[in-house]
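Here is what each chain is made of, one letter per residue.
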Amino acid sequence: HRGHYDLSRRPAGAQGGNAVNYTVQDIFDSAIRLIDEQNESTGSTETADTKPYRVKAVSLVRNLIPRVYPVSDTYAASTDGKRPVCRMPEALTDELDLDQYICESVLPWGLAALLIIDDDRDKYNAYWDEFEKGIALARNSLPSEIGEVEDVYGGIEHGEYGAWL
């Protein structure tokens, strides 16, 4: 790629969990640089060529959030039996309740893929593959702990009920 796409960002004012103050605009800027559609002179992502992409950005990010939220450090497991829901953005300036890794290394690839899905299937496939690899890496690096499993059934640990019919 000719374009520069620095995905690093400062972790500032967290909203909770390990969220950082990334906006949909930040994800859009990174995605536009990935697909090399920024202004070649200024690096700006706000150009006549990117206007159609900008219009779709919020809704596309909203479509990606359910895929990435469960592997984000900001995912809050529910204790009431209901699925946790991430707050959805309504505008480019809205902050995302997702962690730094997801915002820097996963969402831009997914958004880039969805922005060019109709224009270039080979690039779409490559970008979507990076998106899925990022999700897999996030999932594999989730914290876990090794411990005893509580026996909630009782009575079967010593073979009292050896035959199950």
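Residues numbered from 1 in each chain as written. Predicted model: local features only at pLDDT ≥ 70, side-chain atom pairs only at ≥ 80, totals over all residues. Heavy atoms only, no water.

1. Looking at the overall build of the protein
For the protein, the count of helices and strands is four helices and zero strands. Each helix and strand of the protein, ordered N terminal to C terminal, gives the series α-α-α-α. Looking at the protein as a whole, 40% of its 165 residues qualify as buried. Considering only contacts within the protein whose residues lie at least 6 apart along the sequence, 67% involve residues at least 24 apart. Of the roughly 10300 Å² that the protein leaves accessible, carbon and sulfur atoms contribute 49%. (Helix = DSSP H or I, 4+ residues; strand = E, 2+ residues; numbered from the N terminus. Buried < 20%, exposed > 50% of the residue type's maximum accessible area, 1.4 Å probe, protein only. Contact = heavy atoms within 4.5 Å. Areas by Shrake-Rupley, 256 points an atom, 1.4 Å probe, with all protein chains shown as cover.)

2. Focus on the packing of helix 1 (residues 24-34) against helix 2 (residues 51-68)
Two numbers describe how helix 1 lies on helix 2: the axes approach to 10 Å, and their chain directions differ by 120°. In terms of orientation, helix 1 lies oblique with respect to helix 2. By crossing handedness, the relation of helix 1 to helix 2 is classed as right-handed. Listed contacts from helix 2 to V24, Q25, I27, F28 and I32 of helix 1 are Y53, R54, A57, V58 and V61. For the contact of helix 1 with helix 2, the per-class residue count stands at eight nonpolar, one polar and one charged. (Axes fitted to C-alpha atoms, helices over the stretch in contact; angles between N-to-C directions. Parallel < 35°, antiparallel > 145°, perpendicular 65-115°, else oblique. Left-handed = near helix turned anticlockwise from the far one by under 90°. Nonpolar A, V, L, I, M, F, W, Y, C, P; charged D, E, K, R; others polar.)

3. Some details on the nonpolar core
Among the nonpolar cores identified, the biggest contains 39 residues, and L96, L98 and L111 are the most heavily contacted of them. Counting only elements with at least two residues in this core, the list comes to helix 1, helix 2, helix 3 (100-115) and helix 4 (121-140). Considering every element that reaches this core, the biggest residue donor is helix 3, with ten residues. (Core = buried A, V, L, I, M, F, W, Y, C linked by side-chain atoms within 4.5 Å.)

4. With respect to the packing of helix 2 against helix 3
Where helix 2 contacts helix 3, the axes come no closer than 9 Å and their chain directions differ by 125°. One way to sum up the angle between helix 2 and helix 3 is to call them oblique. Note on packing geometry: the crossing formed by helix 2 with helix 3 is right-handed. Residues Y53, K56, A57, L60, V61, L64 and V68 of helix 2 lie in contact with helix 3, whose contacting residues are I102, V106, L107, G110, L111, L114 and L115. Taken together, the residues of the contact of helix 2 with helix 3 break down into twelve nonpolar, one polar and one charged.

5. Comments concerning helix 4
The end-to-end C-alpha separation of helix 4 is 28 Å, in line with the 28 Å expected for 20 residues at 1.5 Å each. Summarising the contacts, the buried residues of helix 4 are in contact with helix 1, helix 2 and helix 3. Structurally, the start of helix 4 carries an N-cap: the backbone nitrogen of D122 is 3.1 Å from a side-chain oxygen of D120. (Expected span 1.5 Å × (residues − 1). Polar contact = N/O pair within 3.5 Å; in protein donor to acceptor, adjacent residues only side chain to side chain.)

6. Remarks on unusual backbone geometry
Working note: non-glycine residues mostly have negative phi, and peptide bonds are mostly trans. Positive phi outside glycine occurs at D36, with the angle close to 60°. The topology assignment puts D36 in the loop between helix 1 and helix 2.

7. Focus on the pattern of salt bridges
Considering all chains together, one arrives at five salt bridges under this definition. The salt bridge partner of D97 is R87, with a shortest N-O separation of 3.1 Å. In this pair, D97 is assigned in the loop between helix 2 and helix 3 and R87 in the loop between helix 2 and helix 3, connecting sequence segments ten residues apart. Here R87 falls in the partly exposed class, since its relative accessible area comes to 41%. One connected set of salt bridges, linked through shared partners, spans D129, E130 and K133. (Salt bridge = Lys/Arg side-chain N within 4 Å of Asp/Glu carboxyl O.)

8. Considering the packing of aromatic side chains
Following the criterion strictly, the structure yields four aromatic pairs and no others. Grouped by ring-pair contacts, the aromatic residues Y124, W128 and F131 constitute a single cluster. (Phe/Tyr/Trp six-rings, centres within 6.5 Å; stacked < 30°, edge-to-face > 60°.)

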